[in-house]
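Results of the structural survey
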Amino acid sequence: MAAVEAKRNFDQNDKELISQLLTYLRLIMVEQKDRRFVFGLFLSNMQVSVWLQDRSGVLGMDVPINIHEVRCGV
């Protein structure tokens, strides 16, 4: 299971939407007592970031991935 928060329009603040995503992740952990972790994805028009919530806290990407950038090589 992964929770996803998507930016609906350009007027929305990324920080507020990430905060909402983290609220969803926290709720999943509270409601499912046997769950060890849950992943979350934040999607905006140009980028995606991955978040991990576990019993000790939350870990997120420092630099989001630009989904329109073409990478050559490894």
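Okay, so let's go over this structure. Residues take numbers from 1 onward in each chain, read along the sequence in its written order. Thresholds applied to this predicted model are a pLDDT of at least 70 for local features of residues and 80 or more for the giving and counting of side-chain atom pairs; totals over whole chains, interfaces and linings are not thresholded and use all residues. With hydrogens and water stripped out, all remaining heavy atoms of the structure feed into the side-chain values.

**Here we look at the overall build of the chain**
In DSSP terms, a helix is any run of H or I states spanning at least four residues, a strand is any run of E spanning at least two, and both are numbered starting from the N terminus. A count of helices and strands for the chain gives one helix and five strands. Counted from the first residue to the last, the chain has its helices and strands arranged as β-α-β-β-β-β. C-alpha atoms of the chain, sized along the principal axes, occupy 40 × 35 × 20 Å. Per-residue accessibility, obtained with a 1.4 Å probe over protein chains only, is compared with the maximum for each type, and a residue is labelled buried under 20%, exposed over 50%, and partly exposed between these values. For the chain, buried positions account for 23% of its 74 residues. Long-range pairs, those at least 24 residues apart, make up 32% of the contacts in the chain between residues at least 6 apart in sequence. Here, residues are in contact when the closest pair of their heavy atoms is within 4.5 Å.

**A word on the nonpolar core**
A3, L17, I18, L21, L22, L25, I28, M29, V38, F42 and W51 form the largest nonpolar core, which has 11 residues in total. Secondary-structure elements contributing two or more residues to this core are helix 1 (14–31) and strand 2 (37–43). In contact with L25, other than residues within four places in its own chain, are A3, V38, F39, G40, W51 and Q53. To qualify as a nonpolar core, a set must consist of buried Ala, Val, Leu, Ile, Met, Phe, Trp, Tyr and Cys residues joined through side-chain atoms within 4.5 Å.

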